[in-house]
Protein chains: 2
Amino acid sequence: MRITVLGATGSIGKSTFELLRQSGREFSVSAITAKSDVNGLVALVREFKAKLVVVADPERHRELRDALAGTGTKTASGSEGLLAAAEEPADAVMAGITGAAGLAPTLAAIQPGRRIVLANKECLVCAGDLFMRRVRQTGATLLPADSEHNAVFQALAAGPREAVERVTLTASGGPFRTFTREQLERVTPEEALRHPTWSMGSKITIDSATLMNKGLELIEAHHLFALPAKQLDVLVHPQSIVHALVTFRDGGVVAGLSVPDMQIPIAHCLGWPERLAWQAPKLDLAQIGSLSFEAPDPVRFPSLRLARAALEAGGATPTILNAANEVAVEAFLAGRIGFTGIPAIVERVLEKAAAERLGAPETVNAAAAVDHIARIRARDLLLEFAAKAS
Amino acid sequence: MRITVLGATGSIGKSTFELLRQSGREFSVSAITAKSDVNGLVALVREFKAKLVVVADPERHRELRDALAGTGTKTASGSEGLLAAAEEPADAVMAGITGAAGLAPTLAAIQPGRRIVLANKECLVCAGDLFMRRVRQTGATLLPADSEHNAVFQALAAGPREAVERVTLTASGGPFRTFTREQLERVTPEEALRHPTWSMGSKITIDSATLMNKGLELIEAHHLFALPAKQLDVLVHPQSIVHALVTFRDGGVVAGLSVPDMQIPIAHCLGWPERLAWQAPKLDLAQIGSLSFEAPDPVRFPSLRLARAALEAGGATPTILNAANEVAVEAFLAGRIGFTGIPAIVERVLEKAAAERLGAPETVNAAAAVDHIARIRARDLLLEFAAKAS
């Protein structure tokens with residue numbers, strides 16, 4: 001297996017190489033990329049070799065080139081370098097560049113016969129139609145690396161697609177699951193960054209606390225599994241053991257479970273259609289004792305409702321939702337707005353966008369333009385909020 | 001679909017016809033059989049027609065023949081009649097005759113290209129090697145109708161068989177899950193017949209209370225899924241929502257869930273490889289709230305340990321276990337021994353058998369002979385127990 005890792009020094013990259021080390025699976029590295037971590041890239045080349053190594057930050061290119069001089073490894077940088085990495089011949093591409101920066105290279109990586117392991121949210125949230133069209137056209141295999149969608153993918157094997165009645169993603173409910181509306185208003189960034197079950201970056205941790213993360217996952221599930229909003233559901237499950245459930249029309253329900261560890265779904269994607277052998281953490285339900293489930297509260301956690309509305313509105317609305325949310329989360333982390341201000345900003349931006357009825361972005365550039373405008377509007381609203389507060 | 005229902009007036013038969021009614025699935029009835037319920041058979045012929053109708057009790061044959069005179073439906077009776085029903089051309093056979101009586105006709109029903117929906121336990125427990133060999137030789141498709149094995153079957157679709165690390169069947173734990181050893185000694189048949197989650201016959205309800213039912217299911221799972229005892233596990237789960245879990249070597253776990261309703265796995269078997277549309281009861285985890293799990297207690301519930309030992313011993317031991325257990329359960333229901341006497345009888349019979357190391361029965365007659373001898377020994381022990389008690 002020739003493997004390319006876009007975002008090789010981040011969490012998906014680290015997990016990928018660690019799993020390949022442990023499993024003893026035979027592979028060769030085609031291309032690896034990183035935003036700026038030249039040392040990380042160089043260490044990977046020393047261990048695994050690589051045909052092409054790309055640092056996104058052009059300012060770090062010389063450093064990379066010098067470090068790899070004489071190794072026979074090609075180097076490149078910038079967005080063109082990322083595209084070259086995506087296009088380097090490979091059997092599997094781990095798409096682990098997070099954020100909007102992952103959009104263009106991940107799209108370019110979708111090529112006939114390839115396996116694409118998707119860990120980037122924006123590809124589906126901001127350009128889902130475009131992205132899935134390219135997957136269909138190329139006949140590439142798309143495997144979702146995050147635990148919920150990966151669980152859905154596994155569970156779907158149990159029956160024909162047309163017999164799926166409902167797909168349910170679980171949400172931990174975040175650290176404020178039991179907070180009152182008043183308590184939520186006083187939540188600090190420090191409190192919000194302490195996630196009860198998953199260890200993740202700060203943006204996604206805040207999204208987990210607001211439940212926007214689950215809202216974005218609903219949008220992803222819509223694209224990944226070609227299901228309308230009304231067949232998609234969220235269930236709060238604080239232990240994060242059951243990741244998703246697929247309900248078939250005959251009453252049978254098939255669920256994907258595991259210890260909450262991001263390496264497990266990545267291992268599934270790497271091994272598929274086989275299963276990787278590695279030192280996987282074992283699920284022990286007798287020791288866990290009890291799994292609990294509750295419906296999400298749309299009053300205290302409006303983000304889920306906003307995401308669902310964006311999904312139902314379609315067109316550019318999910319792209320706008322995502323951009324507004326990013327700006328609002330940044331503002332919350334910077335102490336500029338309160339926790340409940342996050343969905344408030346998003347809702348206001350969506351209200352303004354509703355009248356425009358922008359269609360789904362047809363290109364990466366169009367998605368970027370929609371994203372850009374939504375961010376400007378969200379920032380304007382931040383000023384407005386600040387003016388009111390003072 | 002041409003369908004034959006062995007045991008058409010029992011619970012699997014009733015469920016089968018009710019599901020076919022509700023789903024509007026096109027089918028024709030090949031053969032139906034019942035132990036003695038002539039009225040039930042005649043009603044089914046009036047509604048669904050049938051090529052061949054068999055009443056096992058020869059004394060009821062004239063009544064059946066007279067009732068169906070002029071309808072063009074063939075009738076038969078006795079064990080030869082049951083074999084004729086099994087051999088009547090059909091695409092699917094619902095094997096719903098319970099007990100040892102189901103062994104010969106179910107075995108005869110396994111024919112090339114057929115789907116066999118198995119609801120009879122004895123086929124696998126008492127003659128598993130023989131039975132599975134015939135399934136392999138004919139290339140018939142074997143679908144398990146009980147909820148645990150059906151859940152395993154569904155979950156296994158998520159990965160290649162060689163990547164299965166563990167199959168876990170859940171057990172409700174029965175009505176005495178929290179009883180002390182002393183309380184268990186005083187349990188009455190009436191108490192034991194009140195099962196917390198499933199509504200079933202009295203033999204299987206007692207087996208659920210002792211956990212022998214789960215032990216027999218371990219033996220069935222061994223044959224159905226070609227897994228050794230050490231890869232099979234039992235987890236007590238009082239709500240009976242999660243029926244089974246399959247753990248793959250990469251850390252992923254896929255589980256089958258549903259409302260505890262025996263029609264759901266039967267619907268799966270009828271619809272397979274599609275999914276039947278019917279008024280299936282919906283699983284609502286938010287409403288259920290909590291699912292709990294605990295390891296079974298081998299001290300208070302020795303039957304599970306005995307069954308596992310019988311599975312590991314192999315040969316004729318599972319047949320002996322099953323026969324001894326049937327005799328012991330009958331004696332308990334008749335008030336002749338206490339609840340804890342059931343595993344005590346079984347254990348003693350197994351001890352006596354251990355030295356003989358009988359091989360796995362190669363024919364139905366051989367299985368019947370082993371069964372017969374084990375019953376005699378169990379009955380002898382009952383007399384011994386009674387003599388001691390008086």
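Look a little higher up for the structure.
Our subject in this report is the structure included herewith. Because the structure is a prediction, the values reported are computed rather than measured.

**As for the overall build of chain A**
Phase 1: If you tally the helices and strands in chain A, you get 17 helices and 12 strands.
Phase 2: In terms of principal-axis extent, the alpha carbons of chain A reach across some 60 × 50 × 40 Å.
Phase 3: Taking all 390 residues of chain A together, 57% fall into the buried category.
Phase 4: Long-range pairs, those at least 24 residues apart, make up 68% of the contacts in chain A with a sequence separation of at least 6.

**As for the environment of B:S23**
Residues and elements named next belong to chain B.
Phase 1: Mapped onto the secondary structure, S23 falls in helix α1 (residues 11–23).
Phase 2: Overall, the relative accessible area of 21% leaves S23 in the partly exposed class.
Phase 3: Distance from S23 to G271, taken between C-alpha atoms, is 9.4 Å for residues 248 residues apart in sequence.
Phase 4: If near-sequence neighbours (up to four positions away) are discounted, S23 is found in contact with L276 and A277.
Phase 5: In this structure the side chain of S23 is engaged in a polar contact, spanning 3.4 Å, whose partner is the backbone oxygen of L20.

**Topic: the interface of chain B and chain A**
Phase 1: Every contact between the two is made by 43 residues of chain B and, on the other side, 43 residues of chain A.
Phase 2: For the pair chain B and chain A, the summed buried surface comes to about 3,300 Å²; carbon and sulfur atoms form 54% of the total.
Phase 3: Inspection of the region where chain B meets chain A yields four salt bridges.
Phase 4: The partner of B:E165 in a salt bridge is A:K282, with the nearest N and O atoms 2.9 Å apart.
Phase 5: Linking chain B with chain A are 17 residue pairs in polar contact (both at pLDDT 80 or more), by the criterion used here.
Phase 6: Contributions of two or more residues to the side of chain B that touches chain A are made by β10 (242–248), β11 (253–257), α12 (263–271), α13 (285–288) and β12 (290–292) of chain B.
Phase 7: A per-element tally of the side of chain B that touches chain A places β11(B) first, with five residues.
Phase 8: Here the side of chain B that touches chain A is built from residues that sort into 25 nonpolar, 10 polar and eight charged.
Phase 9: Relative to β11(B), strand β11 (residues 253–257) of chain A runs antiparallel, the two being bridged by five bridges. Note on β11(B): the bridge partner recorded for A:G256 is B:V254.

**Brief notes about the packing of helix α10 (residues 202–210) of chain A against helix α11 (residues 212–225) of chain A**
Residue and element names in this part refer to chain A.
Phase 1: Closest axis-to-axis distance for the α10/α11 pair is 5 Å, and the angle between their directions is 95°. Considering the angle they form, α10 stands roughly perpendicular to α11. Between α10 and α11, the residues in contact are I204, D207, S208 and T210 and M212, N213 and L216, respectively.
Phase 2: In terms of residue class, the contact of α10 with α11 is made up of three nonpolar, three polar and one charged.

**Examining the sheet that holds strand β6 (residues 115–118) of chain B**
Residues and elements named next belong to chain B.
Phase 1: Reading across the sheet, the seven strands line up as β4-β3-β2-β1-β5-β6-β7 and stay open at both edges, with parallel pairing between neighbours. Each of the sheet's edge strands pairs with one partner strand only, and the pair in question is β4 (74–77) and β7 (141–144). Direction aside, the axes of adjacent strands within the sheet are offset by 15° on average.
Phase 2: With four bridges connecting them, strand β1 (residues 2–6) and strand β5 (residues 92–95) associate as parallel partners. In the strand pairing of β5, I3 is matched with A92.
Phase 3: Sheet contacts for α1: β1, β2 (28–34) and β5; angle to β1, the most-contacted strand, approximately 155°.

**Section: the relation of the copies chain B and chain A**
Phase 1: Overlaying chain B on chain A yields an RMSD of 0.0 Å, the required transformation being a rotation through 180° with an accompanying axial translation of 0.0 Å. What the superposition gives is, in effect, a two-fold axis relating one chain to the other.
Phase 2: Most of the interface of chain B is mirrored in chain A, where 100% of its interface residues again form contacts.

**Observations concerning the sheet that holds strand β4 (residues 74–77) of chain A**
Residues and elements named next belong to chain A.
Phase 1: The strand order across the open sheet built from seven strands is β4-β3-β2-β1-β5-β6-β7, with neighbouring strands paired in parallel fashion. Looking at which strands have only one partner, the edges of the open sheet turn out to be β4 and β7 (141–144). Pairwise comparison of adjacent strand axes, ignoring direction, gives a mean angle of 15° for this sheet.
Phase 2: Where strand β2 (residues 28–34) lies against strand β3 (residues 52–55), four bridges are found, and the strand directions are parallel. Each residue of the ladder has a partner; that of I32, found in β3, is V53.

**Some words on the packing of helix α15 (residues 317–333) of chain B against helix α17 (residues 364–389) of chain B**
Residues and elements named next belong to chain B.
Phase 1: The contact between α15 and α17 brings their axes to 8 Å, and the two run at 40°. When the axis of α15 is compared with that of α17, the two are oblique. The hand of the α15/α17 crossing is right-handed. Counting all contacts with α15, which are made through T319, I320, A323, A324, E326, V327, E330 and A331, the residues of α17 involved are A367, V370, D371, A374, R375, A378, R379 and L382.
Phase 2: In the contact of α15 with α17, the residues fall into 10 nonpolar, one polar and five charged.

**Topic: the nonpolar core**
Phase 1: Ranked by size, the top nonpolar core spans 186 residues in total, and within it A:F131, A:L321, A:F339, B:F131, B:L321 and B:F339 carry the most contacts.
Phase 2: Every residue in contact with A:L321, bar those within four places of it in the chain, is listed here: A:M212, A:L216, A:I219, A:L306, A:A307, A:A310, A:V346 and A:L350.
Phase 3: In this structure, B:L41, B:V55, B:A92 and B:C269 belong to the second largest nonpolar core, which totals 35 residues.

Criteria and cut-off values
Residues numbered from 1 in each chain as written. Chains lettered and ligands numbered in written order. Predicted model: local features only at pLDDT ≥ 70, side-chain atom pairs only at ≥ 80, totals over all residues. Heavy atoms only, no water. Helix = DSSP H or I, 4+ residues; strand = E, 2+ residues; numbered from the N terminus. Buried < 20%, exposed > 50% of the residue type's maximum accessible area, 1.4 Å probe, protein only. Contact = heavy atoms within 4.5 Å. Polar contact = N/O pair within 3.5 Å; in protein donor to acceptor, adjacent residues only side chain to side chain. Buried area = accessible area lost by both parts, 1.4 Å probe. Salt bridge = Lys/Arg side-chain N within 4 Å of Asp/Glu carboxyl O. Nonpolar A, V, L, I, M, F, W, Y, C, P; charged D, E, K, R; others polar. Pairing = 2+ DSSP bridges. Axes fitted to C-alpha atoms, helices over the stretch in contact; angles between N-to-C directions. Parallel < 35°, antiparallel > 145°, perpendicular 65-115°, else oblique. Least-squares fit on C-alpha atoms with pLDDT ≥ 70 in both. Left-handed = near helix turned anticlockwise from the far one by under 90°. Core = buried A, V, L, I, M, F, W, Y, C linked by side-chain atoms within 4.5 Å.

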